[in-house]
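Working through the structure, step by step
The lines below spell out each chain.
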Amino acid sequence: MTLTVNLEQGTLNLTIESGTHAPDELFGFAQRRNPKRAFLFVSKVLGRHIPVSPAVMRKATDTLAAQIPADLPGPMVVIGMAETAIALGAGVQQALSRNRDDTLYLCTTRHPLDVPVLVEFREEHSHATQQVLHWPQHPADIELLRTARTLVLVDDEASTGKTFSNLLEALQQAGLDQFEHIIAATLTDWSGGAAAERLGKRARAVSLLAGHWDWQANDAPPPDMPQVDVLGTGEWHANPANDWGRLGVSQHPLTPLAQQLTVTPGERILILGTGEFVWPPYLLAEYLEQHGANVHFSATTRSPIALGHSIQQRYCFHDNYGQGIPNFLYNVTPGDYDRILLCSEPPAHLLDKALISALNPTCLEFYP
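Remember, it's a predicted structure, so these values are computed and weren't measured experimentally.

Section: the UniProt feature "domain: TRSP" (unreviewed entry) in the chain
Per the UniProt record, "domain: TRSP" (unreviewed entry) is found at residues 256-349. Taken end to end, residues 256-349 is 13% helix and 30% strand, and its first and last C-alpha atoms sit 21 Å apart.

Below you can see the structure in the form of structure tokens.
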């Protein structure tokens, strides 16, 4: 199957080789404001740039996890890539943990905490190239990481596999090279096999859709990219006791806020995560959906995308971590919802007042 998409900066030609989903079930297209790569696959199942039902997100993570062989030796470490694949990686690990008790979830971050950093590496094509991975905070989790026999790397897509290989090389340099099996798990794999090949003979790739793309740029001037390539804590510093993945977790408890919220059947609710803080809000969204509300989930992001194609609405505002960078929210029309719940990891007063004014949300501060 082949697809051709004409964008402002050029033409994207896709060849679909295999998949569990049709392409239009998984993604649309948009123009990135990034001269390194001028196009973007806009996921319809991640709840990041397009609001989506939590049940749709859960189906995608469960389907991806089901492609990872159940008999791989443990312990098993699952690493989700910031920021887009944080909830995806957590969902994959949670699915795997239903049938085994030797899994640990870690996510990379662009918000280093005040605890030891395990590795720093680069996502070279990204609008934000620098990422870090922390050591887990509990001795048992550190031991699990040191003795893990299977490593699962999760991202929304793979184009060349370079980001995965950069992370693996950094882990090897840190003395973590004991993995017998490595899985590159993505929703879409455009690498033509390179994602697994770059990781060596012990690696294999799984995805919901695989193929390759060819980009033919035109003579349009390169897009202007806002300054979002920042690695740092900002003015807010997380309490490690409230960690949900940056420092390693095996279980994913529902926020106590869930017991304080009531919904009416069919009530239209939008739950928004902020930046990397998406997994606990997603679990809340799933809980409210299971209790009868008509829920959609999405999140703010530092990813700069041009209006058009799959991006029909855009808000721009200051980030709520105090890094001094612009953040964005896409494809949200407040009038479509009876209630918007805006979920924050830092104190709610750090949320941009312009965003509050535009959405008129209920602000949920998860860690007061």
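Still to come is the rest of the account.
A word on the pairing of strand 16 (residues 339-344)
Where burial is concerned, most of strand 16 is hidden: five out of the six residues are buried. Where strand 12 (residues 268-273) lies against strand 16, four bridges are found, and the strand directions are parallel. What sits directly across from Leu 272, in strand 16, is Leu 342. Looking at chain direction, strand 16 and strand 17 (residues 362-365) are connected through four bridges and run parallel. In the strand pairing of strand 17, Cys 343 is matched with Leu 364. As a crossover connection, the stretch from strand 16 through helix 8 (residues 353-359) into strand 17 is right-handed.

A few points about the side chain of Gln 31
When you line up the elements, Gln 31 lands in strand 3 (residues 27-31). Side-chain polar atoms of Gln 31 contact the backbone oxygen of Ala 38, separated by 2.6 Å. For Gln 31, the contacting residues outside a window of four places in its chain are Leu 7, Glu 8, Gln 9, Ala 38, Ile 305 and Ala 306.

Let's talk about the sheet that holds strand 5 (residues 76-80)
Spatial strand order, 1-2-11-10-9-5-6: seven strands in an open sheet with mixed pairing. In this open sheet, the two edge strands, each paired with only one partner strand, are strand 1 (2-7) and strand 6 (103-107). The average undirected angle you get between the axes of adjacent strands in this sheet is 25°. In terms of strand pairing, strand 10 (residues 181-189) meets strand 11 (residues 203-217) through seven bridges, oriented parallel. Within strand 11, the position partnered with Ala 184 by the bridge is Ala 205. Taken strand by strand, helix 2 (residues 54-66) contacts strand 10 and strand 11, and its axis lies near 115° from that of strand 11. In the packing of helix 4 (residues 139-147) onto the sheet, contacts are made with strand 5 and strand 6, and the angle to strand 6 comes to roughly 95°.

Looking at the nonpolar core
Among the nonpolar cores identified, the biggest contains 97 residues, and Ile 79, Leu 151, Leu 167, Leu 171 and Ile 271 are the most heavily contacted of them. If sequence neighbours within four positions are ignored, Leu 171 has contacts with Ile 79, Leu 118, Val 119, Leu 133, Leu 151 and Leu 176. Within the second largest apolar cluster, 11 residues are counted, among which are Leu 270, Leu 272, Phe 317 and Tyr 337.

Notes on unusual backbone geometry
The linkage connecting Gly 74 with the following residue, Pro 75, adopts the cis geometry, with an omega of 0°. Along the polypeptide, Pro 75 turns up in the loop between helix 2 and strand 5. Across the junction of Ala 82 and Glu 83, the peptide omega takes the value -10°, indicating a cis bond. In this structure, Glu 83 sits in the loop between strand 5 and helix 3 (86-97). Look at Asn 331: it is not a glycine, yet its phi comes out positive at around 60°. Inspection of the secondary structure assignment puts Asn 331 in the loop between strand 15 (326-330) and strand 16. The buried category is assigned to Asn 331, whose relative accessible area is 13%.

Considerations on the packing of aromatic side chains
Here the structure, examined in full by the defined rule, presents 16 aromatic pairs. A centroid spacing of 5.7 Å and a plane angle of 75° characterise the contact between Phe 27 and Trp 190, whose relative ring orientation is edge-to-face. With a gap of 163 residues between them, Phe 27 in strand 3 and Trp 190 in the loop between strand 10 and helix 6 (194-197) connect regions that are remote in the sequence. The two residues Phe 27 and Trp 190 agree in class, both being buried. Aromatic pair Phe 277 and Tyr 367: ring centres 5.9 Å apart, planes at 65°, arrangement edge-to-face. Placement of Phe 277 in the loop between strand 12 and helix 7 (279-290) and of Tyr 367 in the segment after strand 17 is noted, with a sequence separation of 90 residues between them. Each member of the aromatic cluster is reached from another via a ring pair, and the members are Phe 27, Phe 29, Phe 39, Phe 41, Trp 190, Trp 213 and Trp 215.

Quick notes on helix 5 (residues 162-173)
In an α-helix, one full turn covers 3.6 residues, which means residues spaced three or four apart are oriented alike. With 12 residues, helix 5 extends 16 Å from end C-alpha to end C-alpha; this agrees with the ideal 16 Å at 1.5 Å per step. Within helix 5, the full set of buried residues consists of Thr 163, Phe 164, Ser 165, Asn 166, Leu 167, Leu 168, Ala 170 and Leu 171. Each element contacted by the buried residues of helix 5 is listed here: strand 5, strand 7 (117-122), strand 8 (130-134), strand 9 (150-158) and strand 10. In the stretch just after helix 5, Gly 175 is the one whose phi turns positive, near 95°.

Rules of the game
Residues numbered from 1 in each chain as written. Predicted model: local features only at pLDDT ≥ 70, side-chain atom pairs only at ≥ 80, totals over all residues. Heavy atoms only, no water. UniProt positions renumbered as here; feature names shortened; annotations may be inferred. Helix = DSSP H or I, 4+ residues; strand = E, 2+ residues; numbered from the N terminus. Buried < 20%, exposed > 50% of the residue type's maximum accessible area, 1.4 Å probe, protein only. Pairing = 2+ DSSP bridges. Right-handed = clockwise from strand over helix to strand, strands pointing away. Polar contact = N/O pair within 3.5 Å; in protein donor to acceptor, adjacent residues only side chain to side chain. Contact = heavy atoms within 4.5 Å. Axes fitted to C-alpha atoms, helices over the stretch in contact; angles between N-to-C directions. Core = buried A, V, L, I, M, F, W, Y, C linked by side-chain atoms within 4.5 Å. Phe/Tyr/Trp six-rings, centres within 6.5 Å; stacked < 30°, edge-to-face > 60°. Expected span 1.5 Å × (residues − 1).

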